Amino acid sequence: MTTPSLERRLGLGDAVFIGLGSMIGAGVFAAFAPAAAAAGTGLLVGLAIAAVVAFGNATSSAQLAAVHPTSGGTYAYGRAELGPWWGFVAGWGFVIGKLASCAAMALTFAAYAAPPGWERPVAILAVAALATVNLFGITRTAQLTRIIVVVALLSLAVAVAAGVSSPDAPGWFDAEAVWSGGWYGILQSAGLLFFAFAGYARIATMGEEVRDPSRTIPRAIVLAFAGAVVVYAAVGVTVLSTLGPAATAASTEPVADAVAAAGWTWALPVIRVGAAAASLGALLALIAGIGRTMFAMARESDLPRFLAAVHPRSHVPYRAEIALAVIAVAIAGMVDLRGAIGFSSFGVLLYYLIANLAALRQRPDVRRYPRVLQLVGAAGCVILALTLPWQSVVAGAAVVLVGVVYRAVRLRLTKAA
C-alpha cells in the first residue's frame, strides 16, 4: 500500500491558489482589531513592515525550494543546508504549532457557521471533512481551494466596495492616529499581521507534488504573496477609513462592522459566508501542509516511520494525514484554543528564521535573490519574536525543548540497539 514518493500533479495556478488559501484566511476578517488596538492607524505601517519581513522569508523559501524540490519545506531545507538538528527544530515547531492552529481554525469556522452550542461538533466535522478531501488526492485539495478562495475574495470585494461608498471617519489618517501606539505598538501590529503572510510555506511543503518545481514554486510563492499583500492593504485601509482606529480596535468583527457602518446591512450575510470560507481555506491548506511535513519527518525517522506511507492510488501521505486529523479533532473537542496558541506564533518565527539561515548558506551559483533579503528576513523574525508576550516565548521554547529531548532519546536508543 505504499510507494516511496509523492506524485507531481500541481501546476502554477494550483500552487498560487493553495498559497492564497493559506494567507487569505480568517485573519483578514479579524486581525485588524488587535493590530489597531496596538497601533491605531499605524497598523498600516506595521503591515508594510510585516510585508517586508515576509518578503525576505518568501524569497528564502523560493530560493531553497528551487534547489530542494521535496516535501517538508524548511524541515528539508534545514537538514540539507544546516544539518539534521536544525531541520528537526523547524519541522517539530511547525507540526506541533500548526496542529494547534488547525484546531483553532476549525473553531473559528464554527464560530461563523454553527448554531449556538454546536461549535465544537461543527469544528470536528470540518476537520474530518477536509482531511477526507485531502485523502482523495492533492488535485482535489487544489480544486476545493480554488472555490473557497474565490468565495472569500468576492466577499472581501463587497466589503471594500461598501467602504469606498462610505464617508471617511474623521481624523483616521492624521499624525495622532498614525503614531498613537509609537514604534513599539507599530512593531506589535507588524507581529500580529506577519502571520497573515506565513501561508506561502504551504506551497514549499508540497515541493514533491508540483510540476517543474524549480520554476513553479518560486513563481507561485511570489505571486501568492503579492496577491495577499494587495488584499490585506485594501481591506485594512477600508476598515480604518470607515470605522476609524478606535472603533476598529474595539470591534470583534471589523470587516462586518465596516460594512454595517457603510449602510450595506444587506451584505452582512455575504461577509459571514466569506469569513467562514476563508477559515475553511486556511484549514484545508494547513492539513495539507502539516501532512507533508509529517511525512518528510517520518521518512527520516524524526517521527515514527509508520507515517511515511503514500497511498498507491491517491498518492497522498494518508497515514500522516489521518494521524493529524485525529489529533486536531481531539484538541478541537477538548480545548478552546482561539486565544491560547501563542507558542504557534513562536514556532512560525523560528521556522522562518531557520529558512533564512539555510538560504544564507546556499552557494552563489544557486542564489536567486541578494543576501540582504535573507538578512532582513532573519532580523525581522528575531525582532518580531521579541514583541511577543513573554508567555508565548516560554510556551514556544518549552515545545521546542520537548522535541529536542524526544529526538535525543530516540537517537540514543537507536544507537544502543
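Cut-offs applied
Residues numbered from 1 in each chain as written. Predicted model: local features only at pLDDT ≥ 70, side-chain atom pairs only at ≥ 80, totals over all residues. Heavy atoms only, no water. Helix = DSSP H or I, 4+ residues; strand = E, 2+ residues; numbered from the N terminus. Rg over C-alpha atoms; globule rule 2.2 N^0.38 Å. Buried < 20%, exposed > 50% of the residue type's maximum accessible area, 1.4 Å probe, protein only. Contact = heavy atoms within 4.5 Å. Areas by Shrake-Rupley, 256 points an atom, 1.4 Å probe, with all protein chains shown as cover. Axes fitted to C-alpha atoms, helices over the stretch in contact; angles between N-to-C directions. Parallel < 35°, antiparallel > 145°, perpendicular 65-115°, else oblique. Left-handed = near helix turned anticlockwise from the far one by under 90°. Nonpolar A, V, L, I, M, F, W, Y, C, P; charged D, E, K, R; others polar. Patch = residues over 30% accessible without salt bridge, like charges linked within 9 Å, V, L, I, M, F, W, Y side chains within 5 Å. Salt bridge = Lys/Arg side-chain N within 4 Å of Asp/Glu carboxyl O. Expected span 1.5 Å × (residues − 1). Phe/Tyr/Trp six-rings, centres within 6.5 Å; stacked < 30°, edge-to-face > 60°. Lys NZ or Arg CZ within 6 Å of the ring centre and 35° of its normal.

Trainee: Even after reading the chapter, I still don't get the overall build of the protein, so can you show me in this structure?
Mentor: Per the secondary structure count, the protein includes 19 helices and 0 strands. Rg of the C-alpha trace for the protein: 20 Å, near the compact-globule value of 22 Å for 417 residues, within the 12% margin. Projected onto its principal axes, the C-alpha coordinates of the protein cover approximately 70 × 45 × 40 Å. Counting over 417 residues, the protein shows a buried share of 58%. Across the protein, contacts joining residues at least 24 apart in sequence account for 83% of those joining residues at least 6 apart. Summed over all atoms, the accessible surface of the protein reaches about 15,900 Å², with 70% contributed by carbon and sulfur.

Trainee: How should the packing of helix H1 (residues 12-23) against helix H8 (residues 138-165) be read in this particular structure?
Mentor: Working note: a packed helix pair is described by the angle between its axes plus the distance between those axes. Contact geometry for H1 and H8: axes closest at 9 Å, N-to-C directions at 55°. Comparing their axes, H8 and H1 come out oblique. Note on packing geometry: the crossing formed by H1 with H8 is left-handed. Listed contacts from H8 to Gly 13, Asp 14, Phe 17, Ile 18, Leu 20 and Gly 21 of H1 are Ala 142, Thr 145, Arg 146, Val 149 and Val 150. When its residues are assigned to classes, the contact of H1 with H8 shows 6 nonpolar, 3 polar and 2 charged.

Trainee: Is there a simple way to explain a nonpolar patch on the surface in this structure?
Mentor: Residues Leu 401, Val 405, Val 409 and Leu 413 make up a contiguous nonpolar surface patch of roughly 380 Å² in combined accessible area. For Val 409, the position within the fold is in helix H19 (residues 390-416). On the accessibility criterion, Val 409 (43% relative accessible area) is partly exposed.

Trainee: Just to check I follow, could you spell out unusual backbone geometry for this structure?
Mentor: Apart from glycine, the bulk of residues carry a negative phi angle, and the bulk of peptide bonds sit in the trans form. The phi angle at Asp 212 is positive, at roughly 45°, despite the residue not being glycine. As for its placement among the helices and strands, Asp 212 is situated in the loop between helix H11 (201-205) and helix H12 (213-243). We classify Asp 212 as partly exposed; its relative accessible area is 42%. Positive phi is not limited to glycine here, since Ser 301 has a value of about 70°. The residue Ser 301 is located in the loop between helix H15 (268-299) and helix H16 (318-334) in this model.

Trainee: Can you help me understand the environment of Leu 268 in this one?
Mentor: Relative to the elements of secondary structure, Leu 268 occurs in helix H15. Between the C-alpha atom of Leu 268 and that of Ile 148, which follows or precedes it by 120 residues, the distance is 18 Å. When neighbours within four sequence positions are excluded, Leu 268 is seen to be in contact with Ala 256, Val 259 and Ala 260.

Trainee: In this structure, what is going on with the environment of Ala 38? I would like to understand it.
Mentor: Tracing the chain through its elements places Ala 38 in helix H3 (residues 32-39). Apart from residues lying up to four places away in sequence, Ala 38 is in contact with Gly 181, Gly 185, Gln 188 and Ser 189.

Trainee: Explanation requested: the pattern of salt bridges in the structure shown.
Mentor: A side chain with one charge can pair with a side chain of the opposite charge if their charged atoms come near. Applying the stated criterion across every chain yields a total of 10 salt bridges. The salt bridge involving Arg 146 is made with Asp 14; its shortest N-O contact spans 3.2 Å. Taken together, the positions of Arg 146 in helix H8 and Asp 14 in helix H1 put the pair 132 residues apart, joining distant regions of the chain. A residue is classified by how much of its surface remains accessible, and Arg 146, at 32% relative accessible area, is partly exposed. Among the charged side chains, a salt-bridge network with shared partners connects Arg 79, Glu 300, Asp 302, Arg 407 and Arg 410.

Trainee: What should I look at first to understand the packing of H15 against H16 in this one?
Mentor: Two elements in contact, H15 and H16, have axes whose closest approach is 8 Å; the angle formed by their N-to-C orientations is 120°. As far as their axial angle goes, H16 and H15 are oblique. Considering how the two elements wind past one another, H15 and H16 form a crossing that is right-handed. Along the contact surface, H15 presents Ile 287, Ala 288, Ile 290, Gly 291, Arg 292, Met 294 and Phe 295, while H16 presents Ala 320, Glu 321, Ala 323 and Leu 324.

Trainee: Looking at this structure, how should I read H12?
Mentor: Think of an α-helix as turning once every 3.6 residues; residues three or four places apart then point the same way. An ideal rise of 1.5 Å per residue puts 45 Å on 31 residues; H12 measures up with 44 Å between its terminal C-alpha atoms. Just downstream of H12 lies Gly 244, where phi reads positive at about 85°.

Trainee: Hey, could you run me through the packing of aromatic side chains in this one?
Mentor: Given two aromatic rings, their pairing is described by the distance between the two centres and the angle made by the two planes. Enumeration according to the criterion identifies 11 aromatic pairs in this entry. A centroid spacing of 6.1 Å and a plane angle of 80° characterise the contact between Trp 85 and Phe 88, whose relative ring orientation is edge-to-face. Placement of both Trp 85 and Phe 88 in helix H6 (residues 84-113) is noted, with a separation of 3 residues, approximately one turn of the helix. We classify Trp 85 as partly exposed; its relative accessible area is 35%. Measuring from ring centre to ring centre gives 5.5 Å for Trp 264 and Trp 266, while their planes differ by 25°; the resulting arrangement is stacked. Among the aromatic side chains, those forming a connected cluster through ring pairs are Trp 85, Phe 88, Trp 92 and Tyr 406. The cationic tip of Arg 407 hangs over the ring face of Trp 85; the distance from NZ or CZ to the ring centre is 4.6 Å.

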